[in-house]
Amino acid sequence: MLLALAATTIVALALLSHLIAPRIEQLWTRHRARRRRVPSVVYDPGRELRAEQRARTLLRSCVNEEEWAMYRDLGFIRVWGSQAGGPDDGRDAHGAPYAYLIYPHRPIVAYVPQTHRLLNEYCVAFPDDAAPYGSARLPDSDDVLAKWMALTGDERRLIATANMHLPGRQLDPVQVSRDLWRLSRWERARMRNDAFGDSSKPIDTAP
Amino acid sequence: MKPGHGEVLIAEGDLDTAEDEQRLIEEFRRQLDAGLWAAVPLTARAGKREALMLRTFEDIPRDADRVIFFPRAAGGG
């Protein structure tokens, strides 16, 4: 009786093995994965702050004094477009001068300075796949500098690489329009300061 | 440029020294092979600043004091 029961169990196990084996293997793999030591990088705000300070120093050494002051006071940099027709082969700006606003880790916004009309958002990132401290994100000011170098060095290539969207996909058009208004105020205040020979001090554009 | 670190000095040397130049060329190629972009910040007309994107070591202006490597651009979401 016992022998028959054992034989039946073995046959049943043999028949079910193709179902059971993968499941056992999966459980074993999960168990090993849980026990494996994953090198975790703890977020260190001090390290990130030092990285950002280094990035700001580098950015300041690359852009001109006006661009640096703009970034310091407003949090973005304006770069003038250099393509004859506009950022997207002349279909948008209709030959008018156009410019970009560069924000850290936000899309680049193309607009017409004369009218403040927003043209497009260009979503672009500079991910470091090595992620040395667990993140692929550059410090804010490095991201701005990367965009600035890519735009001023090879605007066409950067725009071709970016994903283009209509204004408003990621950045609130009201906020961008407000930034353009702040920029206008900032430039007027800067001109006044220039007239009095003091263009280096920060300008507060808060209403 | 490195996440979590910012600016990192990769290599430095004097282009007038053959040994240094060779070392800088090799490092330049290594960075580009790793998928980075390279640029030199320049001062253009009327004090305007701009970058010169580099594809080969020979593109580097002789008077450039540094080359900045940064991750290649990718379309974002």
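Peer 1: Residues and numbers for the pattern of salt bridges, please.
Peer 2: Residue and element names in this part refer to chain A. This model, assessed by the stated rule, comprises 16 salt bridges over all chains. In this structure, Glu65 and Arg190 form a salt bridge, with 2.6 Å as the shortest nitrogen-oxygen distance. In this pair, Glu65 sits in helix 3 (residues 65-74) while Arg190 sits in helix 5 (residues 173-195), placing the two residues 125 residues apart along the sequence. Overall, Arg190 belongs to the buried group, its relative accessible area being 9%. With its nearest N and O atoms 2.8 Å apart, the salt bridge here joins Asp143 to Lys147. With a gap of four residues between them, Asp143 and Lys147 both fall in helix 4 (residues 140-161), about one helical turn apart. Each member of the pair Asp143 and Lys147 is classed as buried. Salt bridges here are not isolated pairs; linked through shared partners, they connect Glu66, Arg78 and Glu187.

Peer 1: Hey, could you go over the nonpolar core for me, with residue numbers and the actual values?
Peer 2: The biggest cluster of nonpolar side chains holds 37 residues, and the ones touching the most others in it are A:Phe126, A:Leu145, A:Trp148, A:Met149 and B:Phe70. Contact partners of A:Trp148, with chain neighbours within four places excluded, come to A:Cys62, A:Val63, A:Glu67, A:Ile77, A:Val79, A:Ile102, A:Gly153, B:Arg49, B:Glu50 and B:Ala51. Within the second largest apolar cluster, 17 residues are counted, among which are A:Met70, A:Phe76, A:Leu101 and A:Ile203.

Peer 1: I'd like to hear about helix 2 (residues 45-62) of chain A, residue by residue, with values.
Peer 2: Between its first and last C-alpha, helix 2 of chain A extends 26 Å over 18 residues, near the 26 Å set by a 1.5 Å rise per residue. Among all positions of helix 2 of chain A, only A:Arg47, A:Ala51, A:Glu52, A:Ala55, A:Leu58, A:Leu59 and A:Cys62 are buried. The buried side chains of helix 2 of chain A occupy one side of the element, clustering within an arc of 130° when seen end-on. In helix 2 of chain A, the exposed positions that point more than 90 degrees away from the buried face belong to A:Pro45, A:Leu49, A:Thr57 and A:Arg60. Looking at the buried residues of helix 2 of chain A, the elements they touch are helix 3, strand 1 (77-80) and helix 4 of chain A together with strand 1 (36-43), strand 2 (49-54) and strand 3 (68-71) of chain B. The N-terminus of helix 2 of chain A is capped by A:Asp44, whose side-chain oxygen sits 2.9 Å from the backbone nitrogen of A:Gly46.

Peer 1: Mind laying out the interface of chain B and chain A, listing which residues take part and the relevant values?
Peer 2: On the side of chain A, 39 residues touch chain B, which itself brings 27 residues to the contact. Together chain B and chain A conceal approximately 2800 Å² of surface at their shared face, both sides included; 61% is due to carbon and sulfur atoms. Looking only at chain B, the three residues that lose the most surface to chain A are B:Met1, B:Pro3 and B:Arg49, adding up to 22% of its buried area. At the junction of chain B with chain A, the criterion picks out two salt bridges. The partner of A:Asp128 in a salt bridge is B:Lys2, with the nearest N and O atoms 3.2 Å apart. Mapped onto the side of chain B that touches chain A, the elements with two or more residues apiece are strand 1, strand 2, strand 3 and strand 4 (74-75) of chain B. Residue contributions to the side of chain B that touches chain A peak at four residues, all from strand 2 of chain B. By residue class, the composition of the side of chain B that touches chain A is 12 nonpolar, seven polar and eight charged. Of the pairings in the sheet, the one linking strand 4 (residues 117-125) of chain A to strand 4 of chain B comprises two bridges and is antiparallel in character. Paired with A:Ala125 across the bridge in strand 4 of chain B is B:Ala74.

Peer 1: Which residues make up the environment of A:Ala99, and what values do they have?
Peer 2: By secondary structure assignment, the location of A:Ala99 is in strand 2 (residues 99-102). Discounting residues that sit within four places of it in the chain, A:Ala99 has contacts with A:Arg78, A:Val79, A:Trp80, A:Gly81, A:Val109, A:Ala110, A:Tyr111 and A:Pro113.

About the thresholds
Residues numbered from 1 in each chain as written. Chains lettered and ligands numbered in written order. Predicted model: local features only at pLDDT ≥ 70, side-chain atom pairs only at ≥ 80, totals over all residues. Heavy atoms only, no water. Salt bridge = Lys/Arg side-chain N within 4 Å of Asp/Glu carboxyl O. Helix = DSSP H or I, 4+ residues; strand = E, 2+ residues; numbered from the N terminus. Buried < 20%, exposed > 50% of the residue type's maximum accessible area, 1.4 Å probe, protein only. Core = buried A, V, L, I, M, F, W, Y, C linked by side-chain atoms within 4.5 Å. Contact = heavy atoms within 4.5 Å. Expected span 1.5 Å × (residues − 1). Arc of directions from axis to C-beta. Polar contact = N/O pair within 3.5 Å; in protein donor to acceptor, adjacent residues only side chain to side chain. Buried area = accessible area lost by both parts, 1.4 Å probe. Nonpolar A, V, L, I, M, F, W, Y, C, P; charged D, E, K, R; others polar. Pairing = 2+ DSSP bridges.

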